[in-house]
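Each chain, letter by letter, is given below.
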Amino acid sequence: MVRESSIVYRTVTDVRGPLLIVDNTHNVAYNEVVKIRAPNNELLTGTVLETGSGRAVIQVFEGTSGLDTDLTAVRFTGETMKLPVSTEILGRILDGSGNPLDKGPPLTAEDHLDIYGSPINPYARQYPRQPIQTGLSVIDGLNTLVRGQKLPIFSGSGLPHNRVAAQIVRQAKIPGEEGDFAIVFAAMGITATEAQYFMESFGETGALEHTALFLNLANDPAIERIITPRAALTAAEYLAYESDMHVLVILTDMTNYAEALREISAARSEVPGRRGYPGYLYTDLSLIYERAGRIHGRKGTITQMPILSMPQDDMTHPIPDLSGYITEGQMIVSRPMHRKGIYPPIDPGPSLSRLMKEGIGEGMTRFDHKEIQAQLYYGYSEGRDLRDLVAVVGSEALTNRDQKYLRFADRFENEFINQGEFEDRSFETTLDIGWNLLSEFPERELKRCDPSTIQWAKERGAYKIL
Amino acid sequence: MAHETGQIESISGPVVKARGLHGVRMYEVVRVGHEQLIGEVIEVGDDICTVQCYEETSGLSPGEPVVATGDALSVELGPGLIGSIYDGIQRPLPELKEMSGDFISRGLTVEGLDKEKKWTFIPSVNKGEMVEPGSVIGEVPETGIITSKIMIPLGIKGEITEIVSKGDYTVVETICKVKDDHGDIHEVMMMQKTAVRKGRPFKERVPMNTPLITGQRVIDTFMPQAKGGTGAIPGGFGTGKTVTLHQFAKWADAQVVVYVGCGERGNEMTEALEEWPSLKDPQSGRPLMERTVLIANTSNMPVAAREASIYVAVTLAEYFRDQGLDVALMADSTSRWAEALREISGRLGQLPSEEGYPAYLGSRLAQFYERGGRVKALGGKDRIGSITLCGAVSPPGGDFSEPVTQATLRIVKVFWALDKDLAARRFFPAINTLTSYSLYHNNLEKWHREHLGTDWPDLVTEAMAILQKDQELREIVQLVGPDALPESERAILEAARMIKEDFLTQSALHEIDTFCPIGKTYRMLRTIIRFTRKMTRAVKLGVNVRRILEFSVLDNIARMKIAPWDSYESTMDKIETKMEREFQALFNELTEAGFITPEI
Ligand SMILES: Nc1ncnc2c1ncn2[C@@H]1O[C@H](COP(=O)(O)OP(=O)(O)OP(=O)(O)O)[C@@H](O)[C@H]1O
Ligand SMILES: [Mg+2]
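Described in the following lines is the structure provided in the data block. (Residues numbered from 1 in each chain as written. Chains lettered and ligands numbered in written order. Predicted model: local features only at pLDDT ≥ 70, side-chain atom pairs only at ≥ 80, totals over all residues. Heavy atoms only, no water.)

## Considerations on unusual backbone geometry
Let me state the cut-off plainly: Helix and strand assignments come from DSSP, with helices taken as H or I runs of at least 4 residues and strands as E runs of at least 2, each series counted from the N terminus.
Residues Thr252 of chain A and Asp253 of chain A are joined by a peptide bond in cis, for which omega reads 10 degrees. Tracing the chain through its elements places Asp253 of chain A in the loop between β16 (246–252) and α5 (254–267). The phi dihedral of Asn24 of chain A is positive, around 55 degrees, even though this residue is not glycine. The topology assignment puts Asn24 of chain A in the loop between β3 (19–23) and β4 (33–37). One non-glycine residue, Glu355 of chain B, adopts positive backbone phi at about 50 degrees. Considering the arrangement of structural elements, one finds Glu355 of chain B in the loop between α6 (334–347) and α7 (361–370).

Take a look at the structure:
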């Protein structure tokens, strides 16, 4: 594909939204990088979306304002988009395309990697099995995060997802294991204040020097957001698979990413899928999310924690919906729980970690984890159902058993889910709090637990029947 | 052989237009560009034809060559399929890894079957015998479970003039020669090639009358699948489609399982690869992979290959069916396949129908499900084989009114509806018993009566009625509270609670309960229904439900799920005896108190 000389074209025929149409092109490659010189001499970057019949359609990452059909010059580079990578990327602050924003030197490169990556051969993957202790009971106890997982946080405007995410980053560890870790943080369209909050929070724990920040903020070009997560994941892949690090990737806010994609799609007059998002949104998102994981024979791992805000708190909106179809579970930040003053306001009902089943139990967290998780879920959903009933008929109508479930649900929210923003609970503590709450119920009611497990909890003093 | 060569005209994502490929046919495979990416012709025009590319097209430019191959997209069939894991166009993933490392790169050519490995061929025909397509000429013991039958491929009919003796051969060595009517000699090898887009022919369809036992109680009881049947499992994300299909793959009493991960997660395929070899097939006790073929086209792999993967999978299934085997094919998820259709169709500029899907969505889905069924295979002696098709459907927003779910429901005969609320309460399998259905109850009734008990249909009907009534009563309770219900209706709530808690919930993760032998399912249901009948009788006689809830047999009933597969009979006998005793004691008490007149 490399051509000897690259001609400069001045044959722009159309500037349409974020797109540039160039005519009389010759042998322009699909997806190749394009350099554009604007009439005011500003240098812009784009990639080819469509090529053929002497015509190329280009998406311009900085947006097309200031471009025209007369003076704008276009040069096709013959290369797909690449990121220079090395471990020196840690501690650096970059823009949404991976160019340094800090005062540091240009990025040194051990290698130049295609930001689109290639699919991991499923045969080369290794199933994620090591639990990460986040110190948050609602996650560790009920929906454990596993190294190599992609587990997003679904939230809404005004909810404390950033605080939750920052706390997870602060506290996340594998008990008894120290390893090289790194954080890759990709901001897409979040505010400078939000970005500042994360940087300060990483700074407090000394994590900043292990962090690579890719920042596309709210006032940065929207179309660049299509590159940001890809550049970030390319860095993450290098750190994990070439430099043996355990990398936690935070992508926020994926909703802004999807909107950039929608803008391109609309400009190309593609047939829209649901709510104007392109029909290939699922595939596109999966090309990002599937870049999490573990590979046989390589030490490093990539764990992804995308954050996305649900428009109108609607989980059926295409962005959370399609994300949920790709990721390995989801954490739901709930507005009602937040209003009740519960922190972290993560609702266990719709939250799920699909990989926890292999990552908990004997030798990993504790042997009773599966049973107690099931029992806590059962108790809490019974209690919540009864709340609805009480709202109608009053609590007098309830049986003694029902009263217990009601009380359990309240205590569960206040003592198990609720915790301090700087409170770091071990797996042991979390599970013991669970047993303690189950002490509301007689043994016979604990149908999800094996009698021998209950006996064990009793001897341990965690389960105390009244 | 020199093949027609053309040039790339334009590229848009996976869709490439080429000029100058004269005489190229619809669905012919072509090699695109200098890297020779694999593609398939999907539109033939005057001078321009359209190709869908099975590999990433970045970097491709107009002017690069496109070469026709003369072949339609085909699969290689023969010994060596079982235990394999392929991508969407039958390239073995282990070989791809060998060639390009942990990440899949482009332009790799690998064939589906190993051409060097030798298999022991045992002939079953003699020189001079007449054969036709489908005739079995010998066998290959392929795995501990599967003995492959070697069949005469399509288009060859006549007299055997040569057949090798028992021995070790590769799949491409000639093992047999057949002379046709015109005196032409055809060489036959173990491997055959079949184009994937059209079904392999068979003699005729035969009635479906045997259930595909899945080992999942809610399914085997309330919406059973038939061997050769079609079923769909729609549900929002995280409701249990993949877990259920994995359960089928692990436990269903099929002889061969073809599992296709179509546009889903890489880790789910890895899970199968890591876990299934160590699991044992419950029928044969052999490792599960000895009856399984995996096809993985994960969501991040090229979208056109996703479209092809379904056809590749069902063609492999047909090959096993033609050998007289019962095959189960699981496709996760047919929605991702439909989306691939939509994406390609959009790039072709076809007129979109509902939600952007092409107008032919329904007919394509129907063609796929039509390839299921129970049939008599071609060739001499009657061999009956079946393909049971089970497809996951992933409706956007969990809303079943969308086009893919609706089109699928018009075709399939079994509908397992997953319910988000149940999943949120961790009530698994989260199958809604009231909205799901199977249209095979009648076909299977005879089998159920003979193999389980003549009372099976009654037990199922009674249990269903209880669940239905429970639903109505719950609505009332939500309005007026439980106190308003008479004792007889409270008894129904309790019965429903038993059915749901002690029978329907079944954890795929529990060592024992992950699989429930059908005999155990029957005994569990019978116990609960018998308990209910007695409870109803006692309540009619004025006994308070609370009194019955103190029975200690209820603790045993709550734990009958975990009775071991091989010794559940004795556990269930004990439970039933204990139940009789506790009720007898109650009835005796009532008799003494004068509530019952002793039966004479
Ligand atoms: N029968 C079951 N027993 C135990 N757990 C189950 C069962 N079915 C589902 N689950 C739980 O639900 C989770 C989600 O199930 P699954 O992955 O099958 O969902 P899905 O419907 O395939 O979702 P998606 O459409 O996103 O792929 C599992 O990880 C598991 O925790
Ligand atoms: Mg799934």
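There is more to say, and it comes next.
## Let's talk about the site of ligand 1
Let me state the cut-off plainly: Nearness of a residue to a molecule or strand requires only that one of the residue's heavy atoms be within 4 Å of it. Within 3.5 Å is the distance limit for a polar contact, defined as a pair of N or O atoms, with the added protein rule that one can donate a hydrogen and the other accept it, and that residues adjacent in sequence qualify only through two side-chain atoms. Reported accessibility uses the Shrake-Rupley method at a 1.4 Å probe radius. Residues are deemed covered only where the shown protein chains occlude them.
If you check the shell around ligand 1, you find 18 residues, and the closest are Gly238, Lys241, Thr242, Val243 and Arg265 of chain B. More than one chain reaches ligand 1: its neighbouring residues belong to chains A and B. In the environment of ligand 1, an oxygen atom lies 2.8 Å from a nitrogen or oxygen atom belonging to the backbone of Gly238 of chain B. Within the side chain of Thr242 of chain B, an N or O atom sits 2.7 Å from an oxygen atom of ligand 1. Within the complex, the protein chains bury 93% of what would otherwise be the 630 Å² of accessible surface of ligand 1. Contributions of two or more residues to the shell around ligand 1 are made by α7 (318–326) of chain A together with α3 (241–251) of chain B.

## Things to note about the nonpolar core
All names here are of chain B. This is how it is decided: Throughout, nonpolar core names a set of buried Ala, Val, Leu, Ile, Met, Phe, Trp, Tyr and Cys residues whose side chains join them through atoms within 4.5 Å. Buried, partly exposed and exposed residues are distinguished by accessible area as a fraction of the type maximum, computed with a 1.4 Å probe on protein chains only: under 20%, between the cut-offs, and over 50%, respectively. For every domain, the bounds stem from an assignment made automatically or drawn from a database. Two residues qualify as a contact provided that any one of their heavy atoms is within 4.5 Å of a heavy atom in the partner residue.
Counting 89 residues, the largest nonpolar core has Phe531 and Ile548 as the members making the most contacts within it. Of all the elements, helix α13 (residues 518–540) adds the most residues to this core, at 10 residues. Split by domain, this core shows at least three residues from each of two domains, domain 3 (204–438) and domain 4 (456–592). Sequence-distant contacts of Ile548, defined by excluding residues within four places in its chain, comprise Phe531, Met535, Ala538, Val539, Val543, Leu554, Phe583 and Leu586. One finds Val258, Trp337, Ile344 and Tyr369 within the second-largest nonpolar core, a separate group that totals 77 residues.

## What to know about the sheet that holds strand β12 (residues 147–151) of chain B
All names here are of chain B. Inclusion rule: The criterion for strand pairing is that DSSP finds at least two bridges linking the strands in question. Angles run from 0 to 180 degrees between N-to-C directions of axes, and those axes are lines fitted to C-alpha atoms, restricted for helices to the stretch in contact.
Taken in spatial order, the 4 strands line up as β12-β11-β9-β14 in an open sheet, and their pairing is antiparallel. Edge positions in the sheet fall to β12 and β14 (167–169), since each of these pairs with one other strand and no more. Between one strand and the next, the sheet's axes are offset by a mean angle of 40 degrees, whatever the strand orientation. As paired strands, strand β11 (residues 136–141) and β12 are joined by 5 bridges and run antiparallel to one another. When the bridges of β12 are listed, Glu139 appears paired with Lys149.

## Overview of a negative patch on the surface
The condition that has to hold: Patch membership is restricted to residues that have no salt bridge and whose relative accessible area is over 30%. Joining uses 9 Å for like charges and 5 Å for the nonpolar side chains Val, Leu, Ile, Met, Phe, Trp and Tyr. One side-chain nitrogen of Lys or Arg within 4 Å of one carboxyl oxygen of Asp or Glu is enough to make a salt bridge. Note on charges: Lys and Arg go in the positive column, Asp and Glu in the negative column, and His and the chain ends are not counted at all. All charge positions are set by atom: Lys at NZ, Arg at CZ, Asp at CG, Glu at CD.
There is a patch of like negative charges on the surface, built from Glu95, Glu98, Asp114 and Glu116 of chain B. With respect to the secondary-structure elements, Glu95 of chain B resides in helix α1 (residues 93–100).

## Notes on the interface of chain A and chain B
Which entries qualify depends on this criterion: Reported buried area values correspond to the accessible surface (1.4 Å probe) lost by two parts on association, with both partners' losses combined. Amino acids outside the nonpolar list (Ala, Val, Leu, Ile, Met, Phe, Trp, Tyr, Cys, Pro) and the charged list (Asp, Glu, Lys, Arg) are all regarded as polar, and Gly is one of them.
The interface is formed by 79 residues belonging to chain A together with 76 residues belonging to chain B. At the boundary of chain A with chain B, total buried surface from both sides reaches about 6400 Å², with 52% on carbon and sulfur atoms. The interface formed by chain A and chain B includes 7 salt bridges. A salt bridge links Glu382 of chain A to Arg425 of chain B; the shortest N-O distance between them is 3.5 Å. Our count for the chain A to chain B interface comes out at 37 residue pairs in polar contact (both at pLDDT 80 or more). Those elements giving two or more residues to the side of chain A that touches chain B turn out to be β5 (43–52), α4 (228–242), α6 (281–289), α7 and α10 (369–393) of chain A. A per-element tally of the side of chain A that touches chain B places α10 of chain A first, with 9 residues. Tallied by class, residues from the side of chain A that touches chain B come to 36 nonpolar, 23 polar and 20 charged.

## Describing the sheet that holds strand β13 (residues 158–163) of chain B
Whether parallel or antiparallel, the strands of a sheet pair through hydrogen bonds between backbone atoms. Residues and elements named next belong to chain B. Here we have 4 strands laid out as an open sheet, ordered β10-β13-β15-β16, and antiparallel in their pairing. The open sheet is flanked by β10 (130–131) and β16 (185–189), the only strands paired with a single partner. Judged from the 5 bridges that link them, strand β15 (residues 174–179) and β16 form a sheet pairing that is antiparallel. In the sheet register, Val178 faces β16, and the bridge partner there is His186.

## Some remarks on the side chain of Thr365 of chain A
Residues and elements named next belong to chain A. One can find Thr365 in the loop between α9 (356–359) and α10. Engagement of the side chain of Thr365 in a polar contact is seen with the side chain of His369, the distance being 2.8 Å. Here Thr365 is in contact with Pro131, Gly359, Ile360 and Phe427, once residues within four sequence places are set aside.

## Considering a nonpolar patch on the surface
Together, Ile476, Leu479 and Val480 of chain B line one region of the surface with nonpolar side chains, adding up to about 280 Å² of accessible area. Along the chain, Ile476 of chain B falls in helix α11 (residues 456–480).

## Considerations on the packing of aromatic side chains
Residue and element names in this part refer to chain B. The criterion, for reference: Here the aromatic set is Phe, Tyr and Trp, taking the six-membered ring for Trp, and pairing holds for ring centres within 6.5 Å; pairs whose planes are under 30 degrees apart are stacked, those over 60 apart are edge-to-face, and all others are tilted.
Enumeration according to the criterion identifies 32 aromatic pairs over all chains in this entry. Taking the centre distance of 5.7 Å and the plane angle of 85 degrees together, the rings of Tyr259 and Trp276 count as edge-to-face. With Tyr259 in strand β22 (residues 256–262) and Trp276 in the loop between α4 (266–275) and β23 (292–297), this pair connects stretches of sequence that are 17 residues apart. Using a relative accessible area of 1% as the deciding quantity, one classes Tyr259 as buried. Owing to a relative accessible area of 0%, Trp276 belongs among the buried residues under this scheme. Arranged with centres 6.4 Å apart and planes meeting at 80 degrees, the rings of Phe531 and Phe551 form a pair that is edge-to-face. Linking Phe531 in helix α13 with Phe551 in the loop between α14 (545–548) and α15 (553–558), this pair joins segments that are 20 residues apart in sequence.

## Considerations on empty space enclosed by the protein
Rules: Residues are said to line a cavity or pocket when one of their atoms sits within 4 Å of a point; the points come from a 1 Å grid over protein atoms alone, cavities being sets where a 1.4 Å probe fits but cannot get out and pockets being open sets with protein on both sides within 12 Å along at least five of seven lines. Grid points are joined across faces, edges and corners, and a volume is the space filled by probe spheres set on the points.
With the rule as written, the count across this model stands at 3 cavities of 30 Å³ or more. The space that makes up the largest cavity amounts to roughly 160 Å³. At the level of secondary structure, the elements contributing two or more residues to the lining of the largest cavity comprise α6 and α7 of chain A together with α6 of chain B. Residues of the lining of the largest cavity, tallied by class, amount to 8 nonpolar, 2 polar and 5 charged. The computed volume of the second largest cavity comes to approximately 100 Å³. Along its surface, the second largest cavity is lined by 13 residues, and Gly134, Leu154, Arg200, Asp322 and Leu378 of chain B are the ones closest to its centre.

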